[in-house]
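Fold and geometry: a report
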Amino acid sequence: MDLPKLAIAALGGTVSMQASHVGAGVVPAVSGEALLTTVPELKNLARITVETLGLHPSASLSFEFLLSVLHWANAQVEKGATGVVITQGTDTLEETAAFFDYLWHHDAPLILTGAMRAASQVGADGPANLLDACRVALASNSRCRGAQVVMGGQVHHANSVRKTDSLALQAFSSPVVGPTGMLLEDSVRYFHEPSQRKLLPLPQRTTQAIALLESTLSAETLLLDNILDLGYDGLVIAGFGAGHVSEQWADAVEKIARKIPVLIATRTGSGATAQASYGFTGSEMDLIGRGALMTGFLCPRKARILLWLLVGCQRQDELACFLARD
Ligand code: GLU
């Protein structure tokens, strides 16, 4: 039987990390080719193309680099790959998943995975996550679902997944909505039909700067007061509760929103911003009146990705439509 084609790219991260000597911290060192040898079952599932596109800690992945990874992934689908798997560090997985999802125009699955335990550690989870990710990427019921994250036997939607634990093995969750699917024995079970996707073209510009600030108790306005002079093209605020800031910040937001887009998300880690509940100065209703937009369920970091992409293709006037609740 002709096996399907599967393309795997390794970018680095803990899944590829080991220490050079006892006592040294782990660093990205294991190539994609070497990772594959830890999952011998894969050769029975697909004809695999693997490339090591980088050996980076995920904190240092840039948007430009991700665009080059996307270019590679697009070429793999054009060459007949049934699906594409990307291995990377988990620290920024929730952001890269959202980034790729807005730009992934194929029906073929794009699956991101990583590991919480380094390749050299006892009980490393990388090989199992990679096998799961490949199974999900090859499954016909994964088509038309955009970019998804596979970790710890669960499948998460790019828009909802977050790293919610720093070191635990089960570090990923999708607050409120839960995982979109799970690995069940050797197959993938989805809990919902694929939803309507929101897609964007490639950004024509990549120099735009989007700031992300968090509201904190009794915080000064120094950064806000200088954000326009610093040349930022957009601002995301991880606000209190349902999308709130202090009175001082509300005044600053109004001035900034006259010039650049300002998005207000919640800093709580779960749930949506409100639209029409609170009326005090600095509340969501007040901030909307001052020209800010509420991000709904989109977390602050994913909201920043969306704004960066929209500004990059000069479609920031469509922000409200992209943020509209499903
Ligand atoms: N815990 C992270 C990882 O799982 C650290 C390094 C990184 O994100 O690259 O990969």
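Looking at an unreviewed UniProt entry, the protein carries the name L-asparaginase, with the source organism given as Pseudomonas silesiensis. Under the UniProt heading Sequence similarities (unreviewed entry), the note attached to the protein is "Belongs to the asparaginase 1 family."

1. Looking at the UniProt feature "domain: Asparaginase/glutaminase C-terminal" (unreviewed entry) in the protein
Per the UniProt record, the feature "domain: Asparaginase/glutaminase C-terminal" (unreviewed entry) sits at residues 210-316. For residues 210-316, the end-to-end C-alpha separation is 12 Å, with 33% helix and 17% strand making up the annotated structure.

2. Considerations on the UniProt feature "active site" (unreviewed entry) in the protein
When the UniProt feature table is mapped to this numbering, "active site" (unreviewed entry) covers T14. Along the polypeptide, T14 turns up in the loop between β1 (5-12) and β2 (17-18). Beyond its immediate stretch of four places on either side in the chain, T14 contacts G89, A115, M116, R117, A118 and A119.

3. Digging into the nonpolar core
As a rule of thumb, soluble globular proteins bury nonpolar side chains together. Ranked by size, the top nonpolar core spans 52 residues in total, and within it V84, I86, F99, F100 and L200 carry the most contacts. Once residues lying within four places of it in the same chain are set aside, the contact partners of I86 are A9, L11, V69, F100, L110, I111, L112 and T113. Residues L35, A46, V50 and A137 belong to the second largest nonpolar core, which totals 26 residues.

4. Here we look at unusual backbone geometry
Positive phi is not limited to glycine here, since C144 has a value of about 65°. With respect to the helices, strands and loops of the structure, C144 is situated in the loop between α4 (126-138) and β7 (147-151). In this structure, S218 is a non-glycine residue whose phi angle is positive, near 55°. Tracing the chain through its elements places S218 in the loop between β13 (210-214) and α5 (222-226).

5. Points about the site of the ligand
Lining the immediate environment of the ligand, one finds G13, T14, M17, P57, S58, G89, T90, D91, A115 and K163. At 2.4 Å, a side-chain N or O of T90 approaches an oxygen atom of the ligand. Within the complex, 87% of the 280 Å² of free accessible area of the ligand lies under protein. Applying the majority rule of atoms within 2 Å of the grid points places the ligand in the second largest pocket. Residue classes in the shell around the ligand are distributed as three nonpolar, five polar and two charged.

6. Topic: the sheet that holds strand β15 (residues 262-266)
Through backbone hydrogen bonds, the strands of a sheet pair up, either in parallel or in antiparallel fashion. Read from one edge to the other, the open sheet built from four strands follows the order β13-β14-β15-β16, with strand pairing classed as parallel. The open sheet has two edge strands with one neighbour each: β13 and β16 (293-294). Taken together, the five bridges between strand β14 (residues 234-239) and β15 define a ladder with parallel strand orientation. For L235, the partnering residue across the bridge sits in β15 and is V262.

Quick notes on the rules
- Residues numbered from 1 in each chain as written.
- Predicted model: local features only at pLDDT ≥ 70, side-chain atom pairs only at ≥ 80, totals over all residues.
- Heavy atoms only, no water.
- UniProt positions renumbered as here; feature names shortened; annotations may be inferred.
- Helix = DSSP H or I, 4+ residues; strand = E, 2+ residues; numbered from the N terminus.
- Contact = heavy atoms within 4.5 Å.
- Core = buried A, V, L, I, M, F, W, Y, C linked by side-chain atoms within 4.5 Å.
- Buried < 20%, exposed > 50% of the residue type's maximum accessible area, 1.4 Å probe, protein only.
- Near = heavy atom within 4 Å.
- Polar contact = N/O pair within 3.5 Å; in protein donor to acceptor, adjacent residues only side chain to side chain.
- Areas by Shrake-Rupley, 256 points an atom, 1.4 Å probe, with all protein chains shown as cover.
- 1 Å grid on protein atoms, 1.4 Å probe; cavity = no way out; pocket = protein on both sides within 12 Å on 5 of 7 lines; lining within 4 Å.
- Sits in = over half its atoms within 2 Å of the grid points.
- Nonpolar A, V, L, I, M, F, W, Y, C, P; charged D, E, K, R; others polar.
- Pairing = 2+ DSSP bridges.

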